[in-house]
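Take a look at the letters that make up each chain.
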Amino acid sequence: MSAAVGLNLAVAGLIQGLLIALAGLAVSLCFAVARFPNAATGDFMTFAAYAGVAAQAWTGSLLAGAASAVLLTAGLAVASYVLVFRNFRGRSLVAPLIASIGLAFLLRSVLTFFVGFDQHSFHVPIARAIVFAGARVRPIDLWLAGTSAVTLLAVLAVLFLTPIGRRMRAVADNPELARASGIRARAVMLTLWTLIGACSAVGGVMLGLQTVVVPEMGWNLLLPAFAAAVLGGVGNPTGAVLAGIALGLVQALSTPLVGFTYQTAISFILLIATLVLRPQGLLGRAEPVR
Amino acid sequence: MSLGVHGVNKSFGGLRVVDDVSFQVQAAELTGLIGPNGAGKSTLFAVISGFQPADAGCVRFDGHEIQRLSAAARARLGIARTFQVPRPFAHLTVRENLLTGARDQPGEHVFNLLCRPGVVRQRERQIVARADAMLEFLGLTRVAGERAGALSGGQQKLLELGRALMTEPRFILLDEPYAGVNPVLIEEIERRIRTLSEQGTGFLIVEHNLPALARLAARLLVMDRGRLIASGTPAQVLADRAVQEAYIGGGP
Amino acid sequence: MQGYLTAVGTVGGIYALLALGLNLQYGFTGLINFGVVAFYAVGAYTSALLALRGVPFVLDFAAAAVLAALFAWPLGVMCLRLRDDYLAIVTLAFAEILRTVIVSEEWLTNGTRGIPGIPRPFSGLGAAAGGFAYLALVLAAMLAGVSLTVRLVGSPFGRLIQAIRDDEDAVRSVGKSPARCKLVVFMIGAGLTGLAGALYAHYLTYISPDQFVPLLTFYVWIAVIMGGAGRVGGAIAGAALLTLFLEGSRFLRDVLPFVSEVQMASLRLAAIGLMLILFTLYRPQGLLGRVAR
Ligand SMILES: Nc1ncnc2c1ncn2[C@@H]1O[C@H](COP(=O)(O)OP(=O)(O)OP(=O)(O)O)[C@@H](O)[C@H]1O
Ligand SMILES: [Mg+2]
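Residues numbered from 1 in each chain as written. Chains lettered and ligands numbered in written order. Predicted model: local features only at pLDDT ≥ 70, side-chain atom pairs only at ≥ 80, totals over all residues. Heavy atoms only, no water.

## Looking at the overall build of chain B
Within chain B, the secondary structure is distributed over 10 helices and 10 strands. Relative to its length of 252 residues, chain B is compact, with a C-alpha radius of gyration of 19 Å against a globular reference of 18 Å. Reported as C-alpha extents along the three principal axes, the dimensions of chain B are approximately 60 × 40 × 35 Å. In chain B, which comprises 252 residues, the proportion classed as buried is 55%. When contacts within chain B are restricted to residue pairs at least 6 apart in sequence, long-range pairs at least 24 apart make up 66% of them. Each charge class in chain B was averaged separately, 29 positive and 25 negative side chains, and the resulting centres sit 4 Å apart. (Helix = DSSP H or I, 4+ residues; strand = E, 2+ residues; numbered from the N terminus. Rg over C-alpha atoms; globule rule 2.2 N^0.38 Å. Buried < 20%, exposed > 50% of the residue type's maximum accessible area, 1.4 Å probe, protein only. Contact = heavy atoms within 4.5 Å. Lys, Arg positive; Asp, Glu negative; His and termini not counted. Charge placed at Lys NZ, Arg CZ, Asp CG, Glu CD.)

## Some words on the coordination of the magnesium ion (ligand 2)
Taken together, B:Ser42 (OG) and B:Gln84 (OE1) make up the protein donors of the magnesium ion (ligand 2), found 1.9 to 2.0 Å from the metal. Here B:Ser42, found in helix H1 (residues 41-49), pairs with B:Gln84, found in the loop between strand E6 (79-81) and helix H3 (94-101); they are 42 residues apart in sequence, far enough to count as distant. (Donors = N, O, S within 2.8 Å, 3.2 Å for Na, K, Ca; no water.)

## Describing the environment of C:Ala201
All names here are of chain C. Along the polypeptide, Ala-201 turns up in helix H9 (residues 178-204). Here Ala-201 falls in the buried class, since its relative accessible area comes to 0%. Distance in space between the C-alpha atoms of Ala-201 and Leu-139 is 16 Å, their sequence separation being 62 residues. Those residues in contact with Ala-201 that lie beyond four places of it in its chain are Ala-44, Ser-47, Ala-48, Ile-118, Tyr-206 and Ile-207.

## Section: the confidence of the model for chain A
The pLDDT averaged across chain A works out to 88; a share of 94% of its residues lies at or above 70. Predicted confidence is poor over residues 286-290 of chain A, with pLDDT under 50, and the contacts of this stretch with residues over four places away or in other chains come to 10 contacts. (pLDDT = per-residue confidence, 0-100.)

## A look at the packing of helix H5 (residues 139-161) of chain A against helix H8 (residues 185-210) of chain A
All names here are of chain A. Taken N-terminus to C-terminus, the directions of H5 and H8 make an angle of 170°; their axes are 10 Å apart at the nearest point. One finds that H5 runs roughly antiparallel with respect to H8. Residues Ile-140, Leu-144, Thr-147, Ser-148, Thr-151, Val-155 and Val-158 of H5 touch H8, and the partners they reach there are Leu-195, Cys-199, Val-202, Met-206, Leu-209 and Gln-210. Split into classes, the residues belonging to the contact of H5 with H8 amount to 9 nonpolar, 4 polar and no charged. (Axes fitted to C-alpha atoms, helices over the stretch in contact; angles between N-to-C directions. Parallel < 35°, antiparallel > 145°, perpendicular 65-115°, else oblique. Nonpolar A, V, L, I, M, F, W, Y, C, P; charged D, E, K, R; others polar.)

Laid out in structure tokens, this is it:
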């Protein structure tokens, strides 16, 4: 492959990787603190994309659309915690896992009931692609990459630089110990679900901006998101972000070899390889067995 | 036959819970392991029985290093353990809980179910007889058909002991066998343990009921904050200043 | 009317077989298989492709079950010694990938156009009698599945898998290794699922990738959960309830003319989603069970 093609693929891969990183971060946060793989993450993203399109149509501004999508999805995530996931405390992870699948279906069906299956899209001002060393970059892609990167950094900053983030990590490391030392679970969980919602929302809007908005868009990103979360080490959000970006790059760069259809198969293969070789993830610590 | 730990260390997220512990326990010498709450006794049990990997050090059974073996393999080798908080199979009956502990049931392989049903049935009869005897001994016959999850805490404690005994162990680690068990039964269990011990089964027992343990044990080991701080006969150990201070000083 | 009942019975019987497979895996052993539809598809495609190459029915049904079980093997080996949720993630992913493979490997599967003209056993008997005979075949397979479950569950092996469901560490503490038993159960369940796939393919005589969507997996899940996980009758009762629900929603469409066909599909999905949430929240023991899990 020529250098220009390679560069183009790398740019596309980086953007795809940032998207997967957002979804993977949402999954990983939930994995780390609430301790189950949240299968509704993808449909949070779908919801955000639809909310964004609707809000943009209503206000006429892309920025307002995106902002309302983030607010609404964060609200949705918090509501799903309060109404559903909160009630599973002390039960095995099977229950919230199944409920998250149910929630995914419920969200998607409510969307399709009212909006149908037609594809929608954001209105994006058309602009010329910038050509740089043979790689064509759309301005919108730069915006996408920038916004995703800023969001990822912001979430990690909350996690690592604020008191509530520190408490969140304490709960992630050792829930019993954290409970014993009197960490107030409620504030932690509400912040957690706000972050999960915000991450998914930015990811969903970005995904919608990049292509089109369809009901299955988020569900289709679930597999790479899970792969990123596992690859990065269960309960290691930074790892999930790095793994997500790497996954996007690998998927894109392998396109000439495996073709477009089997792109997602790459995440599956990497997922399996991780489980076989390093179940604790590339960057994770071993999980104590009790 | 003996069980030894040598230089075992175990930390949880920077907190050193077992700190360079070494000792050897002879099967012939019933041994107790005591120490205040949080001293690391249960964690040490988990390391010995293979439920927690040690950060450093090794575990020897009968002269062989066993720390690379899985928990199941160690149990098959003859090291049984009970859990401090009983972990019964809650949806199985009490009798089934005991049956699950029995070793060498070919019926646990689907192949044998299909091809050697006669052997399976015959072995099952033997196991059921043993389980019923165990139920009788533990005073659980009356609840044999009930779901184990429905038992009281004390009864679950007994079931835990029974299930471990069903594995025909050569060495048993008991984690607070008397907690929640009524005094009459404690004496009963004591007698049973003594009998087994005389027949050659090794015991290492963690127990907070010191008088009961002192009656039983030939030797006591004392842990405090992850370290082994004393060992000797019960009389020696209980008179030891460091031990008394550890207990009075309280936990971590 | 009779034709309709036969059709409903056949489909319900196939669901029952699927539910029996999942009940063995999840209900009795605690395995979270989110890829039911994948093993179902393996069974369907295997038997369809073999039948079209002239392999006798008996053999292609058997091959469907065996191949589905063989597909389960590597997945099980990789995941079953790890945390429970890894199996869930991997099977879910496997189902997605398998669908991609079916769509894109046209030389084998005919891609999105699907495979038409799969022969149906007993079709020589005419529509009514043939349909009836096929129903009998499905019910016989279901009963075989029930009897297999009953015998397995009542055996020492069954005792062990239920112990695993309750507490894996305690199973280890008595010297048994959970991973081996879980693998066996996973494969047996997948075999039943594959058999159901074969029955489905030969019944419909046409299969295509869009019949094997993830939603189907969760139809089976809701059947097992409604009926009561870990009880033999639960799978059957759950499958009956599921069939009733799916058929009922079709009738509902007739009395609600302002709801379009597409919207009805959304409503059905919404109902499944809501049931998954509500049952796990409020009745994890199923509709009829008393004992909390
Ligand atoms: N899985 C774990 N993760 C983190 N910390 C742990 C874990 N298990 C035990 N600990 C900590 O290790 C220390 C020792 O615990 P351990 O259960 O071994 O004590 P113990 O001597 O058995 O106490 P007790 O008499 O109360 O049973 C405690 O501070 C406990 O909080
Ligand atoms: Mg203890």
